There are 2 protein chains.
Amino acid sequence: MSDLNHTPAQWVAVDWGTSHLRLWPMGADGVPLCRIDSDKGMSRLTPAEYEQTLLNLLEPYLTSDGEVTVVCCGMAGSRQGWAEAPYMATPCRPPSFETATRVATGDKRLRVHILSGVKQSEPADVMRGEETQIAGVFATHSKLDGVICLPGTHTKWVSVQKGSITGFSTFMSGELFQLVSDHSVLRHTLAHEGWDDQAFDAGCRDGAARPDHLANALFGLRAAALLNDLDPVAARARASGYLLGMEVAAMRDAWRGRPVVVVGDNAIAQAYATALKIGGATVEIFEAEKATLAGLSAARAQMK
Amino acid sequence: MSDLNHTPAQWVAVDWGTSHLRLWPMGADGVPLCRIDSDKGMSRLTPAEYEQTLLNLLEPYLTSDGEVTVVCCGMAGSRQGWAEAPYMATPCRPPSFETATRVATGDKRLRVHILSGVKQSEPADVMRGEETQIAGVFATHSKLDGVICLPGTHTKWVSVQKGSITGFSTFMSGELFQLVSDHSVLRHTLAHEGWDDQAFDAGCRDGAARPDHLANALFGLRAAALLNDLDPVAARARASGYLLGMEVAAMRDAWRGRPVVVVGDNAIAQAYATALKIGGATVEIFEAEKATLAGLSAARAQMK
């Protein structure tokens, strides 16, 4: 039953991650009619539940008889997702519509395609979703010869050249920070919100200079809280800075003397941009949603 | 009510940590009558509960009228413990009986003393309990000019010279490993037991060579499990090796060309000894219980 108050979607762009689901019913002019956010990420769904999840959210944008193309990126294409969309191996262009996996649906109004992820064999690494954001960056930066940094719980650093992904590295610094902040002996030492630019800056420099001291530097925050009443907000920014300083230093050979595009617009992306600038990099910020939509739109445009 | 089947204790040695409590009622010959293990660590007790905890465990070793000296080290002396035993500041000798804190008890048969911990102001660091093990090592290694490594959840590296503690560094690598193993995206990638010497060795070398890549190396184990079926036991040993390789490298200036005494006899201590040997250090293992008892006995012997 479609709601006549809604304009039918020409096609649907979907970013289906581990914990989140985002849908953009698209209008005739290539502009989203709206964005629908849901918490029905991969981790909460069995394969059989994906179709109904889509139908529940998209019903108002479907017509009773027409077929609508749905282009998905992200963890929906993982082995534990809706249907496995095999990885492309580096070096490669960002996966296109051509290599997408068609998923059969009971409801004939849906025509679902899941884009492939990208894998690297040595050192072993994987991505699902970020490759589509990279395609989105290429839509406006076709000649980019540099590094695309996609910050998150598991941040990706992607070397790109002539429209191809030549290699990439994932860092789980965000997850380490969260674990230390929520579950370690530092859980009462680190504030859970708030920021201190100066402490972050100092942390970045220390992490870059003495990465091997990480486990000592973290315990030192607890000792400084005990002995010197270290401010919890400063402690939080310092711990975060230490981890990002290490990470930026580790990727130095990839970004030195090359342009860096940071995909994101939240606090984490800002922190990465700051850490990169402290390290001496030239950084451009690229909005995450814009990258995802441009990547999914590029795949849609490749449909014959 | 004393149990007449037990020999009364001449004095009692106590190691009162965060999660464990160990008591040794001592015989006339300086040898423990037995060892009593309890889970009544600091984290489970309010200050008012310490005395009764001692009495419950020691009753069989007390006489109805005599006074028995109880010498404690560890977290019982922290601000959240039984009574705060102020820290001595480095450089210093391991705290002696002279600076111990006398704790008043309702039961006059107990005469309780808590040994001080040690603090370092720059960089901020603290220890409680390890200083007593160091005193215990000094009992047989009075001229040691080197490093004492005390492995654990929070490992201490202590520089010693002429019977003094000149400085120390705490690393929470053990806690980081536990967090990654139990709570991170790697919780299904890392086995929770088992060992692989070769993978540990490779991890140590990688961690020493590229400490800044830690967050990438850890995620790489997950990717290698996904793409190459990496064995979970090898993944566990590799992650542990990476963290210990970093730590041993960070302490290289302290141990290079100097003797290293590792206090401990469990798997963690063995792993540290191995990581140190891979790094090129000369290592002697010193039994942990022997160190604690010798340190507490040394303090008892200082009583006037």
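It should be emphasised that the depicted structure is a prediction, and the values quoted were computed from it without experimental measurement.

What counts, and at which threshold
- Residues numbered from 1 in each chain as written.
- Chains lettered and ligands numbered in written order.
- Predicted model: local features only at pLDDT ≥ 70, side-chain atom pairs only at ≥ 80, totals over all residues.
- Heavy atoms only, no water.
- Least-squares fit on C-alpha atoms with pLDDT ≥ 70 in both.
- Contact = heavy atoms within 4.5 Å.
- Buried area = accessible area lost by both parts, 1.4 Å probe.
- Salt bridge = Lys/Arg side-chain N within 4 Å of Asp/Glu carboxyl O.
- Polar contact = N/O pair within 3.5 Å; in protein donor to acceptor, adjacent residues only side chain to side chain.
- Helix = DSSP H or I, 4+ residues; strand = E, 2+ residues; numbered from the N terminus.
- Domains from an automatic or database assignment.
- Phe/Tyr/Trp six-rings, centres within 6.5 Å; stacked < 30°, edge-to-face > 60°.
- Buried < 20%, exposed > 50% of the residue type's maximum accessible area, 1.4 Å probe, protein only.
- Pairing = 2+ DSSP bridges.
- Axes fitted to C-alpha atoms, helices over the stretch in contact; angles between N-to-C directions.
- Core = buried A, V, L, I, M, F, W, Y, C linked by side-chain atoms within 4.5 Å.
- Lys, Arg positive; Asp, Glu negative; His and termini not counted.

Novice: I'd like to hear about the relation of the copies chain A and chain B, residue by residue, with values.
Specialist: Relative to chain B, chain A is turned by 180° and slid 0.0 Å along the rotation axis, the superposed coordinates differing by an RMSD of 0.0 Å. On this basis, the relationship between the two copies can be described by a two-fold rotation axis. Residues of chain A ranked by C-alpha distance from the rotation axis are headed by Pro211 of chain A, positioned 2.8 Å from it.

Novice: Go over the interface of chain A and chain B, please, and point to the residues and values.
Specialist: Each side of the interface is counted separately: chain A has 40 residues, and chain B has 40 residues. Of all residues in chain A, the largest losses of buried area upon contact with chain B belong to Met172, Asp212 and Phe219 of chain A, amounting jointly to 18% of the total for that side. At the junction of chain A and chain B, the tally comes to 0 salt bridges. Across the chain A-chain B interface, the total number found is 6 residue pairs in polar contact (both at pLDDT 80 or more). Where the side of chain A that touches chain B is concerned, the elements lending two or more residues are strand E8 (118-120), strand E9 (125-127), strand E12 (164-171), helix H3 (173-183), helix H5 (214-228) and helix H6 (232-250) of chain A.

Novice: I'd like a rundown of the domain arrangement of chain A, residues and numbers included.
Specialist: For an interface, size is often stated in terms of accessible area lost upon the parts coming together. When the domains of chain A are assigned, the result is domain 1 (11-128) and domain 2 (171-286). Here the C-alpha centroids of domain 1 of chain A and domain 2 of chain A sit 33 Å apart.

Novice: I'd like to hear about unusual backbone geometry, residue by residue, with values.
Specialist: Cis geometry is adopted by the peptide bond preceding Pro123 of chain A, which originates at Glu122 of chain A and carries an omega value of -5°. In this structure, Pro123 of chain A sits in the loop between E8 and E9. Here the residue pair Thr90 of chain B and Pro91 of chain B is connected by a cis peptide bond, since its omega of -10° sits within 30 degrees of zero. Here Pro91 of chain B is to be found in the loop between strand E5 (88-89) and strand E6 (101-103). In this structure, Lys162 of chain B takes a positive phi of about 50° despite not being glycine. Mapped onto the elements of the fold, Lys162 of chain B is located in the loop between strand E11 (155-161) and strand E12 (164-171). Backbone geometry places Asp229 of chain B, a non-glycine residue, at a positive phi of 50°. Relative to the helices and strands, Asp229 of chain B resides in the loop between helix H5 (214-228) and helix H6 (232-250).

Novice: Run through the packing of aromatic side chains, naming residues and quoting values.
Specialist: The tally for this structure, following the rule as stated, stands at 10 aromatic pairs over all chains. Each ring, one from Trp195 of chain A and one from Phe200 of chain A, has its centre 5.1 Å from the other, and the planes form 45°; the classification is tilted. By relative accessible area, Phe200 of chain A is classed as buried at 2%. The interplanar angle of 50° and the centroid separation of 4.8 Å between the aromatic rings of Trp16 of chain B and Tyr50 of chain B together place this pair among those described as tilted. Residue Trp16 of chain B is found in strand E1 (residues 11-16), and its partner Tyr50 of chain B is found in helix H1 (residues 50-58); the two are separated by 34 residues along the sequence. In this structure, Trp16 of chain B and Tyr50 of chain B share a single accessibility class: buried.

Novice: An account of the pattern of salt bridges is needed here, citing residue identities and associated values.
Specialist: The full count for this structure, using the stated rule, is 22 salt bridges over all chains. Arg35 of chain B serves as the salt-bridge partner of Asp37 of chain B, at 2.6 Å between the closest nitrogen and oxygen. Here Glu84 of chain B and Arg79 of chain B are joined by a salt bridge, their closest N and O atoms 3.7 Å apart. Overlapping salt bridges bring together Arg22, Arg35, Asp37 and Glu289 of chain A as one network.

Novice: Quick one: what's the story with the sheet that holds strand E3 (residues 36-38) of chain A, residue by residue and with numbers?
Specialist: Sheet strands pair by backbone hydrogen bonding; their relative direction is either parallel or antiparallel. Residues and elements named next belong to chain A. Spatial ordering of the open sheet is given by E3-E2-E1-E4-E7-E6, a layout of 6 strands whose pairing is mixed. Looking at the sheet topology across the chains shown, the edges are occupied by E3 and strand E6 (101-103). Across the sheet, the mean angle from the axis of one strand to that of its neighbour is 20°, orientation sign disregarded. Here 3 bridges tie E6 to strand E7 (residues 110-114), and the two strands are oriented antiparallel to one another. Across the sheet, Thr101 pairs through a bridge with Ile114, a residue of E7.

Novice: Requested: an account of the nonpolar core, with residues and values cited.
Specialist: Counting residues in hydrophobic clusters, the biggest one holds 90 residues, and the most contacted among them are Trp157 of chain A together with Trp157 of chain B. Val12, Cys72, Ala76 and Trp82 of chain A belong to the second largest nonpolar core, which has 26 residues in total.

Novice: Tell me what's going on with the side chain of Asp125 of chain B, and back it up with residues and numbers.
Specialist: As for its position among the elements, Asp125 of chain B is in strand E9 (residues 125-127). No salt bridge is formed by the buried Asp125 of chain B; its nearest oppositely charged neighbour, Lys156 of chain B, is found at 4.3 Å. For Asp125 of chain B, the side chain forms a polar contact with the side chain of Thr170 of chain B, separated by 2.7 Å. Residues contacting Asp125 of chain B, with those up to four places away along its chain left out, are Asn216, Phe219, Ala223 and Leu227 of chain A together with Val118, Lys119, Gln120, Lys156, Phe168, Ser169 and Thr170 of chain B.

Novice: Account for the side chain of Asp15 of chain B, naming residues and giving values.
Specialist: Residues and elements named next belong to chain B. Its place among the elements puts Asp15 in strand E1. Despite being buried, Asp15 has no salt bridge partner; Arg22 is the closest side chain of opposite charge, sitting 5.5 Å away. Looking at Asp15, its side chain comes within polar contact range of the side chain of His20, at 3.3 Å. When residues no more than four places from it in sequence are discounted, the contact partners of Asp15 are His20, Leu21, Arg22, Trp24, Cys73 and Thr292.

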